[in-house]
Amino acid sequence: MSTSATVERIDLRAGELGLGELRLVHAGPVRLVLSSTDLARIEASSAFVDRIVARGDAVYGINTGFGLLAQTRIPDDQLELLQRNLLLSHAAGVGDHLADEIVRLVLVLKINALARGHSGVSRRLVDALIALVDHEVYPLIPAQGSVGASGDLAPLAHLSLALLGLGEVRIAGRIVPAAEGLHRAGLEPLRLRAKEGLALINGTQVSTALALSALFGIEAVFAAAVVAGAMSVDALKGSDAPFDARIHAARGQPGQIAVAAEYRRLLAGSAIRASHVNCERVQDPYSFRCQPQVMGACLDLIRHAATTLATEANAVTDNPLLFVDGAEALSGGNFHAEPVAFAADTLALAIAEIGSLSERRIAVLVDPKMSGLPPFLVEHSGVNSGFMIAQVTAAALVAENKTIASPCSVDSIPTSANQEDHVSMATHAARRLGRMHDNAAAVIGIELLAAAQGIDFHRPARSSIALERVHGELRARVPFYAADRYFSPDIRAAQSWVLKGGLLAMAGAILPSTRLP
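For every chain, the first residue of the written sequence is number 1, and numbering continues from 1 along that sequence. In keeping with the model being predicted, local features are shown solely for residues with a pLDDT of at least 70 and side-chain atom pairs are shown and tallied solely at 80 or more, while totals for entire chains, interfaces and linings include all residues. Hydrogen atoms and water are omitted, and side-chain values are computed over all heavy atoms in the structure.

1. A short note on the overall build of the protein chain
Within the protein chain, the regular secondary structure consists of 21 helices and 10 strands. A compact globule built from 517 residues would reach a C-alpha radius of gyration of about 24 Å, and the protein chain, at 26 Å, matches this within 12%. Structurally, the protein chain occupies a C-alpha span of about 85 × 50 × 45 Å along its principal axes. For the exposure calls, accessible area comes from a 1.4 Å probe over protein chains only, and a residue counts as buried if that area is under 20% of its type's maximum, exposed if over 50%, partly exposed in between. Across the 517 residues that make up the protein chain, the buried fraction comes to 57%. Contact definition: two residues touch when any of their heavy atoms are within 4.5 Å. Across the protein chain, contacts joining residues at least 24 apart in sequence account for 78% of those joining residues at least 6 apart. Strands here are runs of E lasting at least two residues and helices are runs of H or I lasting at least four, both read from the DSSP assignment and numbered beginning at the N terminus. The globule rule used here is 2.2 Å times the number of residues to the 0.38 power, and the radius of gyration it is set against is calculated over C-alpha atoms.

Pasting the structure below:
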């Protein structure tokens, strides 16, 4: 991989995309270059489809109908119409359009899958998809309409219509007709060959892209929550004994061990901690003392989900699959997105708990009986309400996330006249994660503000070098809360800092897409 002035170049080897590369795709424009091996596989697979058509063999999706209509044989002179009609009829999505970073991920995932050489598409089609990525032409894809099997049919049909010059695309934030987008990318509308339409719309790329986007956002929230939790320990004048490595080694949970080490590192050298080393408090509340146990369990879930999504990002998930070496076309069910649905539900559990634990620490800090700090973290409380309603906002967001976290994967509604009688619901399972990590980021932002306020009340004692750096960066965005003021902009500033990954560098080494090699 090499870097130009503003755009990352990714030398793609199909089936080998790593989470770091996927994070780059999500972060901004990229340029793709396929290997010669991938190009050879694409051409061999496309030639195999030509041989099937020439022999007159009946193969699902190549010269038959779809779904319940799979027994209907399609004449050779209608094969192009079959594929075109497939895209037109399946482009039935509704709702808001997916963001450009999601669409860019979808395009790259689809290219990656097709280049594996099991889908039977032509090099011309893959080159067209690459041109859309390279020229930053992003098809408009309605977010709703997929049940996560047989693949993300509706959203991928909307993406694919752009190749025919139909529908709309977004270029630099401007919505234009797809034909104009093709012109910008140096393309003419495509005429689809046998199987190409089905290969385009069959697959889990939309669900996977949504889940990956959420993973990257959740990693930013997780890192910020670890930092905020460490700051809250100092704000409370809490103990660092619960982070002792021996405690966590005795249990053996890997995430717990890794997270405890982060708390030790962040708190090391704190003068605030040294100022109360002989205090009478025996134990801190669970939301402080059990941070490694809860956040470590969340980290384990995030890592497991990341492994699933990294595998799925490199998977071939259309149907049927062509195996050129054995001259076979096999129908299966790789389009069923159950792994993605489970990963998304797992991430939902993690993000709900991250926010829940943070809110409990906020509640402790604002309570003078628990924290020893001024009521609601403001001087002259009574005339000033301070953080009173900020904690209520955090509680509301946590309650909302608890509701949204209910698993989607346990639901199934049969579709396509009961031919597709069990589906994954992966797409909205993944899509709801964006709302959840936005909510959690606001909660963590409120905790950062509360913890910084608590640390300010302990002056002249200072926290650790690492946490004082965070405190300084936060205060550059939001000043000390000396008296009541319009509070919402403060929370938005802190939330934005979290969402933009402002604290990833402080605890990102243990996360799956950012950890050091």
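2. Regarding the environment of Phe-243
Among the structural elements, Phe-243 can be located in the loop between α9 (205-236) and α10 (245-251). Owing to a relative accessible area of 1%, Phe-243 belongs among the buried residues under this scheme. A C-alpha to C-alpha distance of 23 Å links Phe-243 and Gly-445, two positions 202 residues apart in sequence. Apart from residues lying up to four places away in sequence, Phe-243 is in contact with Val-233, His-248, Ala-260, Tyr-263, Arg-264, Leu-267, Phe-288, Gln-291 and Pro-292.

3. So, the state of the cysteines
The disulfide criterion is simple: two cysteine sulfur atoms within 2.5 Å. Counted under the stated rule, the structure contains 0 disulfides. Note on Cys-290: no disulfide assigned, nearest cysteine sulfur contributed by Cys-298 at a separation of 13 Å. Judged by relative accessible area, which is 22%, Cys-290 ranks as partly exposed.

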